Amino acid sequence: MTSYLHTMVRITDPDRSRAFYEALGFAPGKESPIVRNGELEATNYFFGLPGHPDVLELTYNHDGRTYEQGTGYGHIAIGVEDLDGTLEQLKRQGIEPEKPPYTVSEGGSRLCFVRDPDQYRVEIIERR
C-alpha cells in the first residue's frame, strides 16, 4: 500500500519561511539537523496540518546557496473553510494574494494564490 508522506522545498531564510507557513495554519513539528563529517550541513523543518503530521519539509542548507525554481514547479494547495477570513489574517502579517479570489468554473470553489518568502506558490482553496 502506498501513502503520501510529505513535500520538500528548499528555503533561504528559515525564520521568514517558518513564519509564513505558520500563518497559513501549518503547525511546526520536528527539526532535524543533518550533520556530515562533523559539520552541520542542513536543517529540515517539518510542518503538519490537523490529522496530517509532517506533510511539509522545509530544508535549509547552511552553505548559503540559492535556488532557481525552474519551470516544472507548480504549487502546494491547502484548503480553508473561510477564504476571506484567512486572507484578512494573512494581510495583517503582510501576506497578500497574487490577485483577488476567483473560481475556475461556474459553481466551483473560490481560490487564490500567495507566495512564500522564496516565491513558491501556495494555492488556497475555500472548502465549505
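Residues numbered from 1 in each chain as written. Predicted model: local features only at pLDDT ≥ 70, side-chain atom pairs only at ≥ 80, totals over all residues. Heavy atoms only, no water.

Visitor: Any chance you could explain the overall build of the protein here in plain terms?
Guide: In terms of helices and strands, the protein carries two helices and eight strands. Starting at the N terminus, the α and β elements of the protein follow one another as β-α-β-β-β-β-α-β-β-β. Considering only C-alpha atoms, the protein reaches an extent of 55 × 35 × 30 Å along its principal axes. Counting the 128 residues in the protein, one finds 34% classified as buried. Expressed as a percentage of contacts within the protein between residues at least 6 apart in sequence, the contacts between residues at least 24 apart total 50%. Summed over its atoms, the accessible surface of the protein is roughly 8200 Å², and 46% of this surface lies on carbon and sulfur atoms. (Helix = DSSP H or I, 4+ residues; strand = E, 2+ residues; numbered from the N terminus. Buried < 20%, exposed > 50% of the residue type's maximum accessible area, 1.4 Å probe, protein only. Contact = heavy atoms within 4.5 Å. Areas by Shrake-Rupley, 256 points an atom, 1.4 Å probe, with all protein chains shown as cover.)

Visitor: Explanation requested: the packing of aromatic side chains in the structure shown.
Guide: A ring pair, where both rings are aromatic, is described by two values, the distance of the centres and the angle of the planes. Under the defined criterion, the tally for this structure stands at three aromatic pairs. Where tyrosine 21 meets phenylalanine 26, the ring centres are 5.7 Å apart and the plane angle is 85 degrees; that geometry is what we call edge-to-face. The pair formed by tyrosine 21 and phenylalanine 26 is uniform in burial state, with each residue classed as buried. Plain terms: the ring middles of tyrosine 73 and tyrosine 120 are 5.2 Å apart, the flat faces sit at 70 degrees to each other, and that makes the pair edge-to-face. Pair noted here: tyrosine 73 is in the loop between β4 (52-61) and β5 (76-80) and tyrosine 120 is in the loop between β7 (110-115) and β8 (121-126), with a separation of 47 residues, a long-range link. The class for tyrosine 73 is partly exposed, based on a relative accessible area of 27%. Classification of tyrosine 120 by relative accessible area gives buried; the value is 10%. Against the face of phenylalanine 46 rests lysine 30, its NZ or CZ located 5.0 Å from the ring centre. Cation over ring: arginine 121 sits above phenylalanine 113, and NZ or CZ is 3.9 Å from the ring centre. (Phe/Tyr/Trp six-rings, centres within 6.5 Å; stacked < 30°, edge-to-face > 60°. Lys NZ or Arg CZ within 6 Å of the ring centre and 35° of its normal.)

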